[in-house]
Amino acid sequence: KMSEENIVKLLGNANVKKLTLPADFRGNISGKMLATYSALEEVNIAEENEVYKTVDGMVLSKDGTILYAMPASNSNSKEIIIPESVTTIKTDAFYAPSGKMEYSVSKVNIPSGVNSIEANAFTPNGSLEISAVFEGAADVFETDAIANDGEGVTLFCLQDEADELKNKFSACNVIPVGMEFEV
């Protein structure tokens, strides 16, 4: 059996680029755990696994409603479109350790079905664009869902959500969509 402890030992090898988890794996997976190892680009999970699956590089619950992790060094994905089935983005799902690597993902699109974005779900090291253009987006983000008050993050949202999101993430560049500017 591949335990969480064995995965951490295996990932301690800086050269690991691909991790395949077996059907019987039941341990916890987080972006923080995966991002600690800068060479990891891909996580695959056996189709028979009853707890997890991978979709476009993201580690999801088997039913697709929970996003657990996106490896920080996944070089195949610059823009992430979170599946419509996702309702929860877990703590440290998008995590890049400070000073160790630049997060390869530069854009994340959050679907309107998401109703919970947990603490530090987004911990970028570098710039990141997040698109949360739906009614109620401000209520979905926990106060500390974007680390460091949103420093380095540009957050696109509806006009009605902008003030509340700016209050939650004071260092974040909040841009309401649909705004018109006159020069």
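Residues numbered from 1 in each chain as written. Predicted model: local features only at pLDDT ≥ 70, side-chain atom pairs only at ≥ 80, totals over all residues. Heavy atoms only, no water.

**Student:** Give me the overall build of the chain: which residues, what numbers.
**Tutor:** Across its full length, the chain carries four helices and 14 strands. Residues classed as buried in the chain amount to 48% of the 183 residues present. For the chain, contacts bridging at least 24 residues in sequence account for 53% of all contacts bridging at least 6. Of the accessible surface of the chain, which amounts to about 9,100 Å², a share of 45% is contributed by carbon and sulfur atoms. (Helix = DSSP H or I, 4+ residues; strand = E, 2+ residues; numbered from the N terminus. Buried < 20%, exposed > 50% of the residue type's maximum accessible area, 1.4 Å probe, protein only. Contact = heavy atoms within 4.5 Å. Areas by Shrake-Rupley, 256 points an atom, 1.4 Å probe, with all protein chains shown as cover.)

**Student:** Give me the side chain of Asp-92: which residues, what numbers.
**Tutor:** If you trace the backbone, Asp-92 turns up in the loop between β7 (88-89) and β8 (94-95). Judged by relative accessible area, which is 12%, Asp-92 ranks as buried.

**Student:** Go over the state of the cysteines, please, and point to the residues and values.
**Tutor:** Considering all chains together, one arrives at zero disulfides under this definition. In this structure Cys-157 is not part of a disulfide, and its nearest cysteine sulfur, from Cys-172, lies 8.7 Å away. Relative accessible area serves as the criterion here: at 0%, Cys-157 is assigned to the buried category. (Disulfide = S-S within 2.5 Å.)

**Student:** Describe the sheet that holds strand β12 (residues 128-132), with residues and values.
**Tutor:** Overall, parallel pairing links the five strands, which are arranged β6-β9-β12-β13-β14 in an open sheet. Bordering the open sheet on either side are β6 (79-81) and β14 (173-176), each of which pairs with just one other strand. Taken pair by pair, the neighbouring strands of this sheet meet at an average axis angle of 15 degrees, ignoring direction. (Pairing = 2+ DSSP bridges. Axes fitted to C-alpha atoms, helices over the stretch in contact; angles between N-to-C directions.)

**Student:** Go over the packing of aromatic side chains with me, naming the residues and quoting the values.
**Tutor:** Each aromatic ring pair is described using two quantities: the centre-to-centre distance and the angle formed by the ring planes. Throughout the structure, instances matching the rule amount to four aromatic pairs. Summarising the aromatic geometry, the rings of Phe-25 and Tyr-52 are spaced 6.0 Å apart at their centres and angled 35 degrees between planes, so their arrangement reads as tilted. A residue pair is termed long-range when its members are at least 10 positions apart, and Phe-25 in the loop between β1 (18-21) and α2 (31-35) and Tyr-52 in strand β3 (residues 52-55) qualify at 27 residues. For Tyr-52, a relative accessible area of 3% corresponds to the buried category. Measuring from centroid to centroid gives 5.0 Å for Phe-94 and Phe-122, while their planes differ by 10 degrees, and the two rings are stacked. Taken together, the residues span a long stretch of sequence, with Phe-94 in strand β8 and Phe-122 in strand β11 (residues 122-123) at a distance of 28 residues. Through successive ring pairs, a cluster of aromatic residues spans Phe-25, Tyr-52 and Tyr-68. (Phe/Tyr/Trp six-rings, centres within 6.5 Å; stacked < 30°, edge-to-face > 60°.)

**Student:** Describe in detail the pairing of β12, supporting the description with residues and values.
**Tutor:** Burial along β12 is one-sided: Leu-128, Ile-130 and Ala-132 are buried, while Glu-129 and Ser-131, pointing the other way, are not. Alignment of β12 against strand β13 (residues 153-157), held across five bridges, turns out to be parallel. The residue bridging Ser-131 from the neighbouring strand is Phe-156, located in β13.

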